Amino acid sequence: MCIKYSMKLNKINRNDIILIAVLLCISLVALLIFSLTKTEGGYAVVVIDGTEVATYPLNQDTEVKLTYQNDFNLLVIKDGAAKIKDASCPDKLCVHQGEVMYNGESLVCLPNKISVKIVSDAESNIDIIS
Amino acid sequence: MKAKRITVLSLFCALAMIMSYLESLVPLPLPFGIKVGLPNIIIVFILCRIGIKEAIAVSLVRVILVSLLFGNALSLVYSLAGAILSLTLMIVLSLLKNFSTVGISVVGGVAHNAGQIIVACIVMDTAQISYYMPILAISGIVAGVLVGIMGNLLIKKFPKII
């Protein structure tokens, strides 16, 4: 019974193509919308473990060490873009992420629970503004 | 027969763990560790050729073991979320019998990425991470097609063991 069941599933059929096409269209449309409405970022908001910790304007060059318990991420803001230069996480994926400068983009370090998101202007519910 | 089944399934689980390790060696320049989804080759093979219960078992064991060996508690939550979502959708599709292995694995790949993003949004308490969903979806589709084709080859060529 198992072999007969599986053999029918083997050829790519029209339903597959429709499924892939629909998914691709949705993703491409969303991607287009995101890239067309891209605006240059204003501030980098640092969120550690769910709470907003600090905000840095992107037009000022800064270099700050974000720490959480025993981990750290080195955030560098230069020429209007933010990137993570060094981190204590084992995989350093956040360092490989490169630069972000548009609103909506973010740098994320999942193991260290630190994320830096780019917003257009600082909201008023932030406790610390450095 | 029961012992043989367990042995063969464990071998597949080990294969899936090796796939996980292989794909972690390649750091893609995409946001926070997007994975190509190589272990899905094994999962899709088991799902389409052996059975649903076996696919669930191998997938869950693989996720737990990989996070215990190569990751931490947080990576367990992410991988588990991705695996559960992708398994659910793949099982539903395979029961509908309208789609082939490629379609199933495409949905599996995208669902895996989507599950990880959802958990990331919850843990980080910021919905902005979903900004990356379109890119993840496209890479999930491409990876899903490749994984589906390879899984298909496996299903056809693999000698009948169980």
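Above this text sits the structure in question.
Notes on the structure follow. The residue numbering used here restarts from 1 in each chain and proceeds along that chain's sequence as written. Chains and ligands are labelled sequentially in the order written, the chains with letters from A and the ligands with numbers from 1. Whole-chain, interface and lining totals are the exception, using all residues; otherwise, since this is a predicted model, local features are given only for residues with pLDDT of at least 70 and side-chain atom pairs are given and counted only at 80 or more. Heavy atoms from the whole structure form the basis of all side-chain values; hydrogens and water molecules are not counted.

Moving on to the nonpolar core. One finds B:Phe12 and B:Ile46 to be the most contacted residues of the largest nonpolar core, which totals 27 residues. We count a stretch as a helix when DSSP gives it H or I for four or more residues in a row; a strand needs E for two or more, and each element gets its number in order from the N terminus. Of all elements in the fold, only α1 (2-24), α2 (39-50), α3 (52-70), α4 (73-96), α5 (101-124) and α6 (133-157) of chain B reach the threshold of two or more residues within this core. It is α2(B) that provides the largest number of residues to this core, a total of nine residues. Here B:Ile46 is in contact with B:Leu9, B:Phe12, B:Gly51, B:Glu54, B:Ala55 and B:Val58, once residues within four sequence places are set aside. Note on terminology: a nonpolar core comprises buried Ala, Val, Leu, Ile, Met, Phe, Trp, Tyr and Cys residues joined through side-chain atoms within 4.5 Å. Accessible area is worked out with a 1.4 Å probe on protein chains only. A residue is then buried under 20% of its type maximum, exposed over 50%, and partly exposed in between. One finds A:Leu58, A:Tyr68, A:Cys89 and A:Cys94 within the second-largest nonpolar core, a separate group that totals 24 residues. When checking whether two residues touch, look at their non-hydrogen atoms; a contact exists if any pair is within 4.5 Å.

For an interface, size is often stated in terms of accessible area lost upon the parts coming together. Counting residues at the interface gives 41 residues for chain B, matched by 41 residues for chain A. Buried area is calculated as the accessible area (1.4 Å probe) missing from two parts once they are joined, with the contributions of both summed. Contact between chain B and chain A buries roughly 3,600 Å² in total, counting both sides, with carbon and sulfur atoms accounting for 68%. Every case where a carboxyl oxygen of Asp or Glu lies within 4 Å of a side-chain nitrogen of Lys or Arg is listed as a salt bridge. Our enumeration of links across chain B and chain A arrives at zero salt bridges. A 3.5 Å cut-off defines polar contacts: any pair of N or O atoms within that distance qualifies, except that in protein one atom must be a possible hydrogen donor and the other a possible acceptor, and neighbouring residues in sequence count only when both atoms are side-chain atoms. Between chain B and chain A we count two residue pairs in polar contact (both at pLDDT 80 or more) in total. Of all elements in the fold, only α2, α4, α5 and α6 of chain B reach the threshold of two or more residues within the side of chain B that touches chain A. Broken down by element, the side of chain B that touches chain A gets its largest block of residues, nine residues, from α6(B). Throughout this entry, Asp, Glu, Lys and Arg are counted as charged residues, while Ala, Val, Leu, Ile, Met, Phe, Trp, Tyr, Cys and Pro are counted as nonpolar. The remaining residues, Gly among them, count as polar. Among the residues forming the side of chain B that touches chain A, the class breakdown is 26 nonpolar, 10 polar and five charged.

We now examine the packing of aromatic side chains. All names here are of chain B. The aromatic pairing rule takes the rings of Phe, Tyr and Trp, using the six-membered ring of Trp, and pairs them if the centres are within 6.5 Å, calling planes under 30 degrees apart stacked, those over 60 edge-to-face and the rest tilted. Under the counting rule described, the total for this entry stands at three aromatic pairs over all chains. Relative to Phe45, the ring of Phe12 lies with its centre 5.3 Å away and its plane at 50°, an arrangement referred to as tilted. Here the residue Phe12 occupies a position in helix α1, and Phe45 occupies one in helix α2, the gap between them amounting to 33 residues. Measuring from ring centre to ring centre gives 5.6 Å for Phe12 and Phe158, while their planes differ by 45°; the resulting arrangement is tilted. Here Phe158 lies in the segment after α6 and Phe12 lies in helix α1, a separation of 146 residues in the sequence. Cluster of aromatic residues (ring-pair linked, three or more members): Phe12, Phe45 and Phe158.

Relative to the 27 Å expected for 19 residues at 1.5 Å per residue, α3(B) spans 27 Å between its end C-alpha atoms, a close match to the ideal helical length. All of the buried residues along α3(B) are B:Glu54, B:Ala55, B:Val58, B:Ser59, B:Arg62, B:Val63, B:Val66 and B:Ser67. Helix span is expected to be 1.5 Å times the residue number reduced by one.

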